[in-house]
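# Understanding the architecture of this molecule
The residues making up each chain are set out below.
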Amino acid sequence: VGYRRGNVSSGINAEYGGLLISWEDESVTVVGATEKCGWEREESLANVRSATMLDLPASSVIPLNLNKPSNPIKMWTDRILCQLNDLQKFINQHFGAGYRDTSMEMERDSFNLNKLILVATKVGKVAVLHSISGRVLWSRYMDGIATLENGKYEIRLVRSASHYPLPPLVAIVAASKDNENTVLNVINPLDGSTQYNRVIKSKVAQVQLTTVEDSEAARILLLVTRDNKVHTYPPNSHSLIKDLPLYFALVYPDTMQLKGFSLTVTGESVMETWSTKFRGDKILSVATKATNDAVYSQGRVLGDRSVLHKYINPNLIAVAMETGTGDKGHVDILLYDMVSGIQIHTVRHKQYSGPVHLLLAENWMVYHLWSAKLRRYEIVVAEFYISHSSNSTSFSSLLPNLSPYAIQQSYISTTPLSALAVTSTLKSITNRAVLFAESGGR
């Protein structure tokens, strides 16, 4: 995929007579004395702002007309050719000396470990890397985009690779260069081709990927702007979401406010349902649960065969707020229900300060902060339970619910963190692990 390059800076290597060229998209090229490209590197990967993992299609050799009504004889011959192609690949892969089939890199393996890593860099370059080989499969410089106010891009998988022959679609939401507008780019992650592009004349406030699909298996993407308008992809899909019970919350650090919103009946705008104002100096961090946060077990069995029933609320939002500085300051951790606006949990850490990294998943919360009194970093884990459960897999914030109680434990951390994440599987049967990315690079 081609991309625009400009603002070239170069340097001459006196010993070898080569030319080092640094391009506008932060790629570096070395040209030898014979005017041939010696090597090229994607230096923009050192400034990745957002990334996501993508599944590959099951096979790239399935004929198109296997999925469409056609002549039975033609369908039979296509199937035979497809199986012969697979047999040839198997023989070459296991018995061919020095054979390396690069097409297998773009197919899903049996354990689905062969994936794509889509990254968006600070300069506005989008690249796809192979998870096993680490090769850059393609890269593209999107001129005219910048990171959002949080310093990141919003990347959403609109359509997966499971809907063959339809290509997968990934939506990248970014800001314009002047930070006044919102840019929506929908691309095919397999080759980098643009499928849709739009500039919205307003700043984006919230990006929501719904579970509603259109006729081509594309999930409806909602972009809520600062003027409370709702923009959709695919375009003009408001009729599909007008009955969708969508609630979300927005944090306003300038005014120290947290506001809840809901989708209107028409699906073209949102309305404010509740708001609260914090009594603090600044907001350090905000966290919500992942949309695909599956919960396998509703309870935790103890040694005496008693059961602690998990407080499973998918509508939680956690806010970390700091008041004062140093030994005279404190950090408040607040937990709210985004639908009703009820405060679920609050805890105050005296003589603590930021930065704070928050993580919400299932019925537990993990956060990392600095203890000004003890001069060390600490990790706090809080689990939320209720007295009894109705054994229902559904949860509604609009119905009266029992207030949860928290079980909390703190641990000593030796280094500051740059990110905090948690592993996830399809049904959440496997034990989940919390990933700590240290500022030193580990």
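The model shown is predicted, which means the values in this text are computed figures rather than measured ones. (Residues numbered from 1 in each chain as written. Predicted model: local features only at pLDDT ≥ 70, side-chain atom pairs only at ≥ 80, totals over all residues. Heavy atoms only, no water.)

## Here's the deal with the nonpolar core
If you look at the biggest cluster of nonpolar residues, it comprises 21 residues, and the most contacted ones within it are Ile333, Leu335, Val356, Leu358, Met365, Tyr367 and Leu369. Elements with a contribution of two residues or more to this core: strand S23 (316-323), strand S24 (330-337), strand S25 (343-350), strand S26 (352-361), strand S27 (364-371) and strand S28 (376-386). Leave out the neighbours within four places in its chain, and Ile333 touches Val319, Ala320, His345, Thr346, Val347, His349, Met365 and Tyr367. (Core = buried A, V, L, I, M, F, W, Y, C linked by side-chain atoms within 4.5 Å. Buried < 20%, exposed > 50% of the residue type's maximum accessible area, 1.4 Å probe, protein only. Helix = DSSP H or I, 4+ residues; strand = E, 2+ residues; numbered from the N terminus. Contact = heavy atoms within 4.5 Å.)

## Things to note about the sheet that holds strand S17 (residues 247-252)
One open sheet accounts for three strands, arranged S17-S18-S19; its pairing is antiparallel. Strands with a single pairing partner mark the edges of an open sheet, and in this sheet they are S17 and strand S19 (270-277). Each neighbouring strand pair of the sheet contributes to a mean axis angle of 25 degrees, computed without reference to strand direction. With seven bridges joining them, strand S18 (residues 257-263) and S19 adopt antiparallel strand pairing. (Pairing = 2+ DSSP bridges. Axes fitted to C-alpha atoms, helices over the stretch in contact; angles between N-to-C directions.)

## Points about the environment of Ile187
You can see Ile187 is positioned in strand S12 (residues 182-187). On the accessibility criterion, Ile187 (0% relative accessible area) is buried. Between the alpha carbons of Ile187 and Ala171 there is a distance of 6.6 Å; along the sequence they are 16 residues apart. Beyond its immediate stretch of four places on either side in the chain, Ile187 contacts Leu118, Val126, Trp138, Arg140, Met142, Pro168, Leu169, Val170, Ile172, Ser193, Thr194 and Gln195.

## What about the packing of aromatic side chains?
Taken as a whole and judged by the stated rule, the model has six aromatic pairs. Between the aromatic rings of Trp274 and Tyr336, the centroid separation amounts to 6.3 Å while the plane-to-plane angle is 15 degrees, which identifies the pairing as stacked. Of this pair, Trp274 sits in strand S19 while Tyr336 is found in strand S24, placing the two residues 62 residues apart along the sequence. One exposure class covers both Trp274 and Tyr336, and it is buried. Judged by centre distance (4.7 Å) and plane angle (65 degrees), the rings of Trp370 and Tyr377 are edge-to-face. Owing to a relative accessible area of 19%, Tyr377 belongs among the buried residues under this scheme. The ring of Tyr252 has Lys259 lying over it, and the distance from NZ or CZ to the ring centre is 5.2 Å. (Phe/Tyr/Trp six-rings, centres within 6.5 Å; stacked < 30°, edge-to-face > 60°. Lys NZ or Arg CZ within 6 Å of the ring centre and 35° of its normal.)

## Topic: the sheet that holds strand S20 (residues 282-288)
The antiparallel open sheet is built from four strands, whose spatial order is S20-S23-S24-S25. Two strands bound the open sheet, and with one partner strand each, they are S20 and S25. Averaged over all neighbouring strand pairs, the angle between strand axes comes to 15 degrees, with direction disregarded. Relative to S25, S24 is paired through seven bridges, and the arrangement is antiparallel. Its bridge partner lying in S25, His330 is registered against Lys350.

## Details of the pairing of S26
A regular strand places its side chains so that they alternate between the two faces of the sheet. Here S26 lies mainly inside the structure; eight of its ten residues are buried. Examined bridge by bridge, S26 and S27 share seven bridges and lie antiparallel to one another. Residue pairing in the sheet places Ala361 in a bridge with Trp364 of S27. What sits between the antiparallel neighbours S26 and S27 is a turn of two residues, in which Glu362 has the positive phi angle 50 degrees.

## Looking at the pattern of salt bridges
According to the stated counting rule, one finds 15 salt bridges in the structure shown. Here Glu383 ties to Arg300 by a salt bridge, and the two come within 2.9 Å at their closest N and O atoms. Of this pair, Glu383 sits in strand S28 while Arg300 sits in strand S21 (residues 299-301), and the two are 83 residues apart along the sequence. Two residues, Arg376 and Glu378, come together in a salt bridge whose shortest N-O distance is 3.1 Å. By relative accessible area, which is 29% here, Arg376 ends up partly exposed. For Glu378, a relative accessible area of 5% translates into the label buried. What emerges from the salt-bridge pattern is a single network uniting Asp293, Lys310, Glu362 and Arg432. (Salt bridge = Lys/Arg side-chain N within 4 Å of Asp/Glu carboxyl O.)

Keep in mind these numbers describe shape, not what the thing actually does.
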